[in-house]
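Tertiary structure, described
These are the residues of each chain, in order.
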Amino acid sequence: MTSRAASRPVGTVTRGTTNPNRLRRMDRWIAATHGAELRRAADPVAVDLGYGAAPWTAVELLTRLRTAAPRTRVVGVEIEPARVTAAKPYERDGLAFRHGGFEIPLPQRPHLVRAANVLRQYDEAEVAAVWQRLCARLAPSTAHSRGGLLVEGTCDEIGRRHVWVALGPEGPRTVTFATRLGSLDRPSDLAERLPKALIHRNVPGEPVHAFLRDFDRAWSAAAPYASYGARQRWMRAVRDLTADWPVTDGAGRWRQGEVTVAWEALAPRG
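Notes on the structure follow. (Residues numbered from 1 in each chain as written. Predicted model: local features only at pLDDT ≥ 70, side-chain atom pairs only at ≥ 80, totals over all residues. Heavy atoms only, no water.)

What follows is about the overall build of the chain. Of regular secondary structure, the chain possesses 9 helices and 8 strands. In terms of overall dimensions, the chain is globule-like: its C-alpha atoms have a radius of gyration of 19 Å, near the 18 Å expected for 270 residues. Along the first, second and third principal axes, the C-alpha set of the chain runs to 65 × 40 × 40 Å. Out of the 270 residues in the chain, the part that is buried amounts to 55%. Expressed as a percentage of contacts within the chain between residues at least 6 apart in sequence, the contacts between residues at least 24 apart total 67%. Accessible area of the chain: about 12200 Å², with a carbon and sulfur share of 50%. The average position of the 40 basic charges and that of the 28 acidic charges among the side chains of the chain differ by 4 Å. (Helix = DSSP H or I, 4+ residues; strand = E, 2+ residues; numbered from the N terminus. Rg over C-alpha atoms; globule rule 2.2 N^0.38 Å. Buried < 20%, exposed > 50% of the residue type's maximum accessible area, 1.4 Å probe, protein only. Contact = heavy atoms within 4.5 Å. Areas by Shrake-Rupley, 256 points an atom, 1.4 Å probe, with all protein chains shown as cover. Lys, Arg positive; Asp, Glu negative; His and termini not counted. Charge placed at Lys NZ, Arg CZ, Asp CG, Glu CD.)

The subject of this paragraph is helix α2 (residues 56-68). The end-to-end C-alpha distance of α2 is 19 Å, a good match for the 18 Å that 13 residues give at a rise of 1.5 Å each. T57, A58, V59, E60, L61, L62, R64, L65 and A68 are the residues of α2 that are buried. Among the structural elements, α1 (24-40), β1 (45-49), β2 (73-78), β3 (95-99) and β4 (112-116) are those in contact with the buried residues of α2. (Expected span 1.5 Å × (residues − 1).)

Running from amino to carboxyl end, helix α6 (residues 207-221) crosses helix α7 (residues 230-241) at an angle of 125°, the nearest separation of the two axes being 8 Å. Here α7 runs oblique to α6, going by the angle between their axes. For α6 against α7, the interelement crossing comes out right-handed. Residues F211, D214, F215, A218, W219 and S220 of α6 pack against A230, R233, W234, A237, V238, D240 and L241 of α7. Here the contact of α6 with α7 is built from residues that sort into 9 nonpolar, 1 polar and 3 charged. (Axes fitted to C-alpha atoms, helices over the stretch in contact; angles between N-to-C directions. Parallel < 35°, antiparallel > 145°, perpendicular 65-115°, else oblique. Left-handed = near helix turned anticlockwise from the far one by under 90°. Nonpolar A, V, L, I, M, F, W, Y, C, P; charged D, E, K, R; others polar.)

Attention now goes to the sheet that holds strand β5 (residues 149-155). In space, the 8 strands of this open sheet follow the order β3-β2-β1-β4-β5-β6-β7-β8, with mixed pairing throughout. Looking at which strands have only one partner, the edges of the open sheet turn out to be β3 and β8 (258-262). Neighbouring strand axes in the sheet, compared pairwise and without regard to direction, differ in orientation by 20° on average. Both strand β6 (residues 161-168) and strand β7 (residues 171-179) contribute to a ladder of 8 bridges, which runs antiparallel. (Pairing = 2+ DSSP bridges.)

Turning to the packing of aromatic side chains, a few remarks are in order. Across all of its chains, the model carries 9 aromatic pairs by this definition. Both rings, one in Y51 and one in F97, keep their centres 5.2 Å apart while their planes meet at 65°; by these two values the pair is edge-to-face. Of this pair, Y51 sits in the loop between β1 and α2 while F97 sits in strand β3, and the two are 46 residues apart along the sequence. Both residues of the pair, Y51 and F97, belong to the buried class. Judged by centre distance (5.6 Å) and plane angle (90°), the ring pair of W56 and Y90 falls under edge-to-face. Linking W56 in helix α2 with Y90 in the loop between α3 (81-87) and β3, this pair joins segments that are 34 residues apart in sequence. W56 gets classed as partly exposed once you look at its relative accessible area, which sits at 32%. Through a chain of ring-to-ring contacts, three or more aromatic side chains come together here, namely F177, F211, F215, W234 and W245. (Phe/Tyr/Trp six-rings, centres within 6.5 Å; stacked < 30°, edge-to-face > 60°.)

And the structure:
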């Protein structure tokens, strides 16, 4: 028999702050890089985990994912029951809201879990266990699929700066830095948006600190390209980074103000 305690959602209530279009950079990256996996799935389900006090991010996720995979369904999951009640009027074909937490209260394994600004209030020591729990709920890999994707990260209040980790059923894969280039003074400005697994590791001796240091140096060296615009300067700086860092994407993503690096290169030491 399932105990009453076992049925309680796993996690704690977040502040719930959110804004329309706050997660647009993350959503567009997901649609571009994971859209093919969603299209291949028989019943593609995406979860907006911890969507907050208003359902805007879940509504927007559905719209953006359906540009890449029209059959995708989105389920917003919130640990605060009042937020679920408030979101119910926004339900429609392909969009639903459920009470729950890190256990992901769905009968099927989702093909995507997006957890934006959820783990920021947790201790760093708690992150690995949360990642493991969420990755275990993802759709498994097969001979024709890499499986589901967990995207966990942090952004500022209006979505100008993001950093997120992408994880598959096997664990972390990549780290993506994304920004509105016009707002950027130097790449290390993104350090304040590092996800919980990395934000306390931006200190000398840690890989993420070395990466941001090298990114700033490449940005400075690319200063002559600023006359062509911040986009061209960013692209040149990222191209220079590829000499020493395992950048996994290409110019098409760099043009969006993004760069993605293999997790192994930035993973905390110890």
